[in-house]
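Descriptive analysis of the structure
If you want the building blocks of each chain, they are given just below.
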Amino acid sequence: MKRSLAIAVLLLALTPVVSQAQGYPDYGRPSYGARGDQDQARAAVRGGRQVPLSQVISRIAARTPGRQLNTTMGDYSGRPAYFVQWQTPDGRVMIFIVDAESGQILSREGG
C-alpha cells in the first residue's frame, strides 16, 4: 500500500501544472494533454530529433521484463524525456525516465 501511495505521489509530482489553471498566459503552448502535444512529439520523431516510443519500450523490456502501464512526456534536467510507468511480472511498479533524444535510460524510480 505504501508503495502504491509513493508511486501515486511520484506521478503527481511529475505531472506539469496547467498554466491556464493559475491564470498565467499561454505563450502559444498547448495545454497539458492537448492534441498539440502528441502532434509535436510525432513531428520530433519524424524529424529525427527524438526516438520513437516503441524503441524506448523495447529498450526497457530488454533490461527489465514486464509491461508498459503508461507514458508521459516532460522535461528532465532541461531535456525532453519519456516517463514510462512499468510493471514487472511480480507486480512491482516503477518509473523509467528516458532521454527522448538519445533513448538512453537516465533513471529508474520505485520497484
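This report concerns the structure included in the present document.

What counts as what
For every chain, the first residue of the written sequence is number 1, and numbering continues from 1 onward in sequence order. Restriction of local features to residues with pLDDT of at least 70 applies here, the model being predicted, together with a cutoff of 80 or more for giving and counting side-chain atom pairs; totals for whole chains, interfaces and linings are based on all residues. With hydrogens and water excluded, all non-hydrogen atoms of the structure serve as input to the side-chain values. When DSSP locates at least two bridges between a pair of strands, those strands are taken to pair. What counts as a helix is a DSSP run of H or I of at least four residues, what counts as a strand is a run of E of at least two, and both are numbered from the N terminus. Axis lines are fitted through C-alpha atoms, for helices just across the contact stretch, and the angle between N-to-C directions can take any value from 0 to 180 degrees. The contact criterion used throughout is that any non-hydrogen atoms of two residues lie within 4.5 Å. The term salt bridge refers to a side-chain nitrogen of Lys or Arg lying within 4 Å of a carboxyl oxygen of Asp or Glu. Only protein chains enter the accessibility calculation, which uses a 1.4 Å probe; a residue whose area is less than 20% of its type maximum is buried, one above 50% is exposed, and one in between is partly exposed.

1. A look at the sheet that holds strand 1 (residues 67–76)
The strand order across the open sheet built from 4 strands is 1-2-3-4, with neighbouring strands paired in antiparallel fashion. A strand with exactly one partner marks an edge of an open sheet, and here the two such strands are strand 1 and strand 4 (105–110). When strand polarity is set aside, the average angle formed by the axes of neighbouring strands in this sheet is 20°. In this structure, strand 2 (residues 79–87) lies alongside strand 3 (residues 93–99), joined through 7 bridges in antiparallel fashion. Looking across to strand 3, one finds that Phe 83 is bridged to Ile 97. Packing of helix 3 (residues 53–63) onto the sheet brings it into contact with strand 1, strand 2, strand 3 and strand 4, and relative to strand 2 it is tilted by some 50°.

2. Things to note about the pattern of salt bridges
This structure, assessed with the given rule, holds 4 salt bridges. For Glu 101, the salt bridge goes to Arg 79, with nearest N and O atoms at 2.7 Å. One end of the pair, Glu 101, is in the loop between strand 3 and strand 4; the other, Arg 79, is in strand 2, with 22 residues separating them in the sequence. By relative accessible area, which is 38% here, Glu 101 ends up partly exposed. Notably, a salt bridge pairs Arg 92 with Asp 90, separated by 3.1 Å at the nearest N-O pair. For Arg 92, a relative accessible area of 28% corresponds to the partly exposed category. Each of the salt bridges in this network shares a partner with another, and the network as a whole consists of Arg 79, Asp 99 and Glu 101.

3. Considerations on the pairing of strand 2
Moving residue by residue along a regular strand, the side chains alternate between the two faces of the sheet. Two strands pair when backbone bridges link them, and strand 1 and strand 2 are joined in this way by 9 bridges, in the antiparallel orientation. Pairing of Gly 74 across the sheet is with Ala 81, part of strand 2. Here strand 1 hands over to strand 2 after 2 residues, with Ser 77 in that stretch at a positive phi of 55°. With antiparallel pairing between neighbouring strands as the criterion, strand 2 and strand 3 make up a hairpin whose turn holds 5 residues, including Gly 91 at a positive phi of roughly 95°.

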